[in-house]
Amino acid sequence: MATDNNNMSENEEMIQQGFQELINDYLTSIHRKHTEVITKAFNFANQAHKGVKRQSGEPYIMHPIAVAKIVCNEIGLGSTSISAALLHDVVEDTDYTIEDIENIFGPKIAQIVDGLTKISGGIFGDRASAQAENFKKLLLTMNDDIRVILIKIADRLHNMRTLGSLLPNKQYKIAGETLYIYAPLAYRLGLNKIKTELENLSLRYEHPEKYAEIESKIKAGQALRDELFKKFTEPISESLEKMGYKFDIKARIKSPYSIWKKMETKHVPFEDIYDLLAVRVIFEPQKTEEEENECFDIYVRLCKIYRPHPDRLRDWISHPKANGYQALHVTLMSNEGRWIEVQIRSQRMDEMAEQGFAAHWKYKAGEKSEDELDKWLKTIKEVLNDPQPDAIDFLDTIKLNLFASEIFVFTPKGEIKTMPQNSTALDFAFSIHTFLGSHCIGAKVNHKLEPLSYKLKSGDQLEILTSKSQRVQSSWVNFVTTAKARAKIISILNKIRRQKEIEGEAILADFLTKEEVKNDRYIIQKLYELHQFTRKEELFEAIGNQTLILGEIDRNAITGKSSTGWKRFIPFLGTGNNAKELLKKDDQDKEKDNTKIDRKKVLKLTEDNTQSNYKIADCCKPIPGDDVLGYIDDAGQIIIHKRQCPIASKLKSSYGNRIIAAAWDTHKTLSYPIPLYLRGIDEVGVLNKVTQIVSNQLNVNIRKLNIDTKDGIFEAHIWLYVHDVEDIKIIIGNLRKIKEITEIRRLDD
Ligand code: MN
């Protein structure tokens, strides 16, 4: 009893201290001092969550307090949001209702808490369709009150910071979701710092070893970078002082996640990443209304000190990013001959870059970015207005628009248009008008004819060519990249498909009438199964499109005459059971299988794969040593994917509850053929050196070797039998020593 009491008072002390910190932080912020409502919200939430503990053992209220602190300090919101953050889990987790909140705290706070309750329990539920619904809700709430989303992001950030106390399969689900939706969302809202932290935390839980490795390598290079930074920035400081500026120069180190991503996508080792260090110049403008010009003044001055890279001036001042980001990025050559990026920003721009949307309440002048945000919200609304039946598709569509950075293109009249990077001519056409998009046959880019799929580059001038007879093609979905174009194309295709279905259904009805067969669902099912469709709509569509003409086989099947088609149904009908019952039994068996898997344990992947019920995914083909996870498919089979496999990412965020943790427990007994890519200078004997190292020195078997040379450069694909990732590392390490080889990496396939 005594210890219990001790614990109680210890907890109470921790809670009070946490709250006091929050109040102190709030009082130092720029907001009006409404501590009363915050205190009231805290007292209410504290007694509502009383006695409940988090997974980590802490009293539950510590979570809302932490979220409120993030909302206050890192997003910069005021008392209404802080109170809503303190109350965010009350309606979800206790007996209080939203009416109670409204009675005590008024409609504004209640509305935000209500929004947060609606989207609680993760954006992604157990089934894909429910997830999309929730996600839609989330985006719609965003239109009502952006604070709901900002607090939701704070909630997620705190959950990520405390992810360590959860089971690995939960960690993957939450980390996956975070990377899939929350980090892009934070980026889109201009919360760059939070976005970076979310990404780093996701990496830390998804690839713990790689995260640790990158971190230790960053640390190891710290002293050298400090030295470089000092030497490089000294003349810059001098010259800014001469210009009469108050300023701050900061070193910015690339985040572990960005480094990892670059290593993965460019297939380079850590040592080959040269833009680890960037320099940030943050200045106080001499005249607020001149701050943009002053950025350019500073730029000109810096170019007198160091040589600028001609192709790497990024002007985010005249054209801010859609999330409001403004700065001037230049790349300068240091005296040691290294390119270093310098970002020039005013204090206001810097705060906008770190805190995003929230920061510009502080600066009334930042109206530009509000426009950009409004524009983005409008696009989201447009996409939401086109209902799509496929939930996962919908998620992808939205996601496309979250992370894109922008390029600038011109209309024939010289108007400038902002488009997401990687947009095509067709995306551009749809961005102007649906009609232009749906009848587009090509484009004149800088007066030259280009196909619809042409990838736009900044500065292109575009004239869209249309034809009345052009119709939307299903292949277009494969190359458009903007959410708007994609949503429009799918919606038009769906309309066409539904039309064809209706036509097909009518043709089928006529056919059945002629054959004097009753038009019921059993007959329809018989027919679509006969043609190996899984849904009746597919049958209707095929008939409507005239890719399927009803004839002899169908006649025999529905009238009961013998034919090959008929035989297929004997197992179902011949036993006296009806097909449905058989199917039901089948389903039950599947479920039983499913429950046999213990999702909380880490699945051991052994060499003897016949003992266990897992399969290696065809898409990413992981081998021992790769970071992996398991996904339980519809049949109860566990499929092993690489954690960074794009298909696995989708599964993680869409079917999180089917993910299980998996780890290799192998001992180099099996070999797997793995392709490597080599590129280098084509000199006599290079290939010989390669095979010498691989087969003689390392004793590795070569399965296949393709080589191609052109203009003094060779490219080779080489398939080797290896046991695990460790083997590959050793091989690559040894081959790197051949001086003619400039590039070497493992290919996914
Ligand atoms: Mn929460």
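The structure we're discussing is the one just above.
Description of the structure in this document. What you see is a predicted model, and the numbers here were worked out from it, not measured in a lab.

1. Description of the nonpolar core
- In this structure, Leu87 and Ile101 are the most contacted members of the largest nonpolar core, which totals 61 residues.
- For this core, the element with the highest residue contribution is helix H9 (residues 146–161), accounting for nine residues.
- If we skip the residues at most four places from it in the chain, Leu87 touches Ala41, Phe44, Ala45, Ile101, Phe105, Ile109 and Val113.

2. Observations concerning the coordination of the manganese ion
- In this structure, His63 (NE2), His88 (NE2), Asp89 (OD) and Asp155 (OD) serve as the protein donors to the manganese ion, at separations of 2.2 to 2.6 Å.
- All donor residues of the manganese ion come from one chain, and their arrangement in sequence is H-x24-H-D-x65-D.
- Its relative accessible area of 4% is what places His88 among the buried residues.

3. Considering the sheet that holds strand E15 (residues 638–642)
- The strand order E12-E16-E14-E15-E13 describes an open sheet built from five strands, whose pairing is mixed. Two strands lie at the open edges of the sheet, namely strand E12 (603–605) and strand E13 (614–616), each paired on one side alone. When the angles between neighbouring strand axes are averaged without regard to direction, this sheet yields 35 degrees.
- Where strand E14 (residues 628–632) meets strand E16 (residues 659–664), three bridges bridge the pair, whose relative direction is antiparallel. Pairing of Gly630 across the sheet is with Ile660, part of E16.
- On top of the sheet, helix H10 (residues 168–188) reaches E14 and E16; it is set at about 115 degrees to E16, its chief contact.

4. Some words on the packing of H9 against helix H11 (residues 192–206)
- Following both chains from N to C, one finds H9 and H11 inclined at 35 degrees, their axes separated by 10 Å at the closest point. Of the two elements, H9 crosses H11, and the hand of that crossing is left-handed. Here Ile153, Arg156, Leu157, Met160 and Arg161 of H9 come into contact with H11, specifically with Ile194, Glu197, Leu198, Leu201, Ser202 and Tyr205.
- Here the contact of H9 with H11 is composed, by residue class, of seven nonpolar, one polar and three charged.

5. What to know about the pairing of strand E5 (residues 328–333)
- Of all six residues that make up E5, six are buried, and the element is covered over most of its length.
- Across the two faces of E5 the burial is the same, with Leu328, Val330 and Leu332 and His329, Thr331 and Met333 all buried.
- Here two bridges tie strand E3 (residues 307–308) to E5, and the two strands are oriented antiparallel to one another. From the neighbouring strand, Pro308 faces E5, where its bridge partner is Leu332.
- Sheet topology places strand E4 (residues 314–315) next to E5; two bridges connect them, and they run antiparallel. Residue pairing in the sheet places Arg314 in a bridge with His329 of E5.
- Judged from the six bridges that link them, E5 and strand E6 (residues 339–346) form a sheet pairing that is antiparallel. Bridged to Val330 within E6 is Val342.

6. Points about the pattern of salt bridges
- Under the counting rule described, the total for this entry stands at 27 salt bridges.
- Here Glu271 ties to Lys217 by a salt bridge, and the two come within 3.5 Å at their closest N and O atoms. Here Glu271, found in the loop between helix H14 (256–266) and strand E2 (277–284), pairs with Lys217, found in helix H12 (residues 208–220); they are 54 residues apart in sequence, far enough to count as distant.
- Classification of Glu271 as partly exposed rests on a relative accessible area of 48%.
- Between Asp520 and Lys518 there is a salt bridge, with its nearest N and O atoms 4.0 Å apart.
- Taking the relative accessible area as the measure of exposure, Lys518 reaches 64% and is therefore exposed.
- Residues joined by salt bridges that share partners form a network here, namely Glu74, Arg161 and Glu197.

7. Considering the side chain of His309
- Here His309 shows up in the loop between E3 and E4.
- Once you skip the residues sitting within four places of it in the chain, His309 turns out to touch Thr331 and Trp339.

8. Overview of helix H30 (residues 725–735)
- The complete set of buried residues in H30 reads Val725, Asp727, Ile728, Ile731, Ile732, Asn734 and Leu735.
- The secondary structure elements touched by the buried residues of H30 are strand E17 (672–681), helix H29 (686–697), strand E19 (713–722) and strand E20 (741–746).

What counts and what doesn't
Residues numbered from 1 in each chain as written. Predicted model: local features only at pLDDT ≥ 70, side-chain atom pairs only at ≥ 80, totals over all residues. Heavy atoms only, no water. Core = buried A, V, L, I, M, F, W, Y, C linked by side-chain atoms within 4.5 Å. Buried < 20%, exposed > 50% of the residue type's maximum accessible area, 1.4 Å probe, protein only. Helix = DSSP H or I, 4+ residues; strand = E, 2+ residues; numbered from the N terminus. Contact = heavy atoms within 4.5 Å. Donors = N, O, S within 2.8 Å, 3.2 Å for Na, K, Ca; no water. Pairing = 2+ DSSP bridges. Axes fitted to C-alpha atoms, helices over the stretch in contact; angles between N-to-C directions. Left-handed = near helix turned anticlockwise from the far one by under 90°. Nonpolar A, V, L, I, M, F, W, Y, C, P; charged D, E, K, R; others polar. Salt bridge = Lys/Arg side-chain N within 4 Å of Asp/Glu carboxyl O.

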